Amino acid sequence: MSDNDTDDVRTDGSGTGIVSPDDETPAWSERKERTQGLSRLTYEYFERARREDQDLRQQSDYVERDVLAFPAWPHEMMRNIALTSFFVGMILFVSATLPPEMPNPANSGVTPAIILPDWYLYWSFGLLKLGPLNPELSILGGSKLMADRTYGVLANVVVVGFVAIVPFLNKGSARRPVEQPFWAAVGMSGVIFSLTIAALSIKNLVPMDSHLLFDLTFLVPIISATITYAVLKTMREGYMFDLNRRYYRLRPPK
């Protein structure tokens with residue numbers, strides 16, 4: 001037995017470890033540059049995680065390694081700190097280089113020509129413009145059962161209620177859209193409908209015929225749901241086959 005076989009595998013960055021050389025392994029000059037600060041800590045985290053992962057893969061009895069976890073410190077914390085620092089730095093950089101323009105203060109004595117809510121409420125504002133769907137009952141002499149505004153508020157209640165009840169209807173254990181194509185299609189149609197109804201709320205600013213935009217508001221979500229369901233349904237058989245094959249390779253049947 002050689003000396004290399006008797007040495008303990010070090011995973012703290014100071015030993016050699018069982019790591020096969022590849023293109024992702026940094027050169028010695030690159031390692032010396034990462035000697036201090038957050039860059040050094042980030043490098044040590046990724047290097048140590050890579051070494052431990054490689055060691056666990058070779059020590060596993062199965063074809064694929066067991067499902068294992070790493071401690072929160074320093075593995076998860078160092079990764080989160082690195083990602084948080086990157087995004088915070090990008091926000092500060094963008095805010096410093098591209099500051100928002102401050103327009104003139106609003107005139108309280110003049111009503112704007114177009115009044116719109118905040119952008120994240122466009123979908124709710126669009127539901128208030130569903131007056132053409134408010135039925136006119138002949139039994140009432142051709143008049144509407146309720147006012148258009150009341151109808152729009154009721155539409156908001158129905159949509160929000162449906163979104164709130166979906167988690168109670170879908171109680172499956174699936175974590176991927178391909179495992180439940182129907183509910184994935186429902187979610188996709190909801191996302192597309194929120195975008196189309198938001199476009200309907202600002203139809204005065206959209207370069208499209210208002211009647212065509214109204215029709216597309218309900219037609220596009222149905223088409224997107226159909227396509228999503230068809231694609232995921234086609235992928236589901238092959239996906240479940242691969243998933244079962246991987247499971248039995250990790251956990252051979254007794």
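About the thresholds
Residues numbered from 1 in each chain as written. Predicted model: local features only at pLDDT ≥ 70, side-chain atom pairs only at ≥ 80, totals over all residues. Heavy atoms only, no water. UniProt positions renumbered as here; feature names shortened; annotations may be inferred. Helix = DSSP H or I, 4+ residues; strand = E, 2+ residues; numbered from the N terminus. Expected span 1.5 Å × (residues − 1). Buried < 20%, exposed > 50% of the residue type's maximum accessible area, 1.4 Å probe, protein only. Contact = heavy atoms within 4.5 Å. Phe/Tyr/Trp six-rings, centres within 6.5 Å; stacked < 30°, edge-to-face > 60°. Patch = residues over 30% accessible without salt bridge, like charges linked within 9 Å, V, L, I, M, F, W, Y side chains within 5 Å. Areas by Shrake-Rupley, 256 points an atom, 1.4 Å probe, with all protein chains shown as cover. Salt bridge = Lys/Arg side-chain N within 4 Å of Asp/Glu carboxyl O. Core = buried A, V, L, I, M, F, W, Y, C linked by side-chain atoms within 4.5 Å.

By the naming in an unreviewed UniProt entry, the chain is Cytochrome bc complex cytochrome b subunit, taken from Haloarcula argentinensis.

A. Expanded view of the UniProt feature "transmembrane region" (unreviewed entry) in the chain. Summarizing the sequence annotation, UniProt attributes the feature "transmembrane region" (unreviewed entry) to residues 81–98, 151–169, 181–200 and 212–232 in the numbering used throughout. Overall, residues 81–98 shows 94% helix and 0% strand. The separation of its end C-alpha atoms is 25 Å.

B. Structural view of helix 7 (residues 181–201). In this model, helix 7 (21 residues) spans 30 Å end to end at C-alpha, consistent with the 30 Å of a helix rising 1.5 Å per residue. Where helix 7 is concerned, the buried positions are Pro181, Ala184, Ala185, Ser189, Ile192, Thr196, Ile197, Ala198, Leu200 and Ser201.

C. Here's a closer look at helix 4 (residues 72–97). Between its first and last C-alpha atoms helix 4 spans 36 Å; for 26 residues at 1.5 Å apiece the expected length is 38 Å, and the two agree. Those residues of helix 4 lying buried are His75, Met78 and Ala82.

D. Inspection of the side chain of Ser224 at higher detail. Checked against the element boundaries, Ser224 lands in helix 8 (residues 210–250). Overall, the relative accessible area of 14% leaves Ser224 in the buried class. Setting aside chain neighbours within four positions, we find Ser224 in contact with Met188, Ser189 and Ile192.

E. The arrangement of the packing of aromatic side chains in detail. Taken as a whole, this structure holds five aromatic pairs when the rule is applied. Residues Phe182 and Trp183 carry aromatic rings whose centres are separated by 5.3 Å and whose planes lie at 75° to one another, so their mutual orientation is edge-to-face. Ring centres 5.5 Å apart and planes at 65° place the aromatic pair Phe214 and Phe218 in the edge-to-face group. With a gap of four residues between them, Phe214 and Phe218 both fall in helix 8, about one helical turn apart.

F. Layout of a nonpolar patch on the surface. A cluster of nonpolar side chains, contributed by Leu83, Phe86, Phe87, Met90, Phe93, Val94 and Leu98, occupies part of the molecular surface with about 740 Å² of accessible area. Residue position: Leu98 is located in the loop between helix 4 and helix 5 (122–127). When its relative accessible area of 63% is taken as the criterion, Leu98 is described as exposed.

G. Seen up close, the pattern of salt bridges. Applying the stated criterion to the full structure yields one salt bridge. For Glu76, the salt bridge goes to Arg79, with nearest N and O atoms at 2.4 Å. Residue Glu76 and its partner Arg79 are both found in helix 4; the two are separated by three residues, about one turn of the helix. Accessibility expressed as a relative area gives 26% for Glu76, which makes it partly exposed.

H. View of the nonpolar core. Of all hydrophobic cores here, the largest spans seven residues; its members are Leu127, Leu130, Ala155, Ile197, Leu200, Leu213 and Phe214. Those elements that provide at least two residues to this core are helix 7 and helix 8. Look past the residues within four positions of Leu200 in its chain and what remains in contact with it is Gly126, Lys129, Leu130, Leu213, Phe214 and Thr217.

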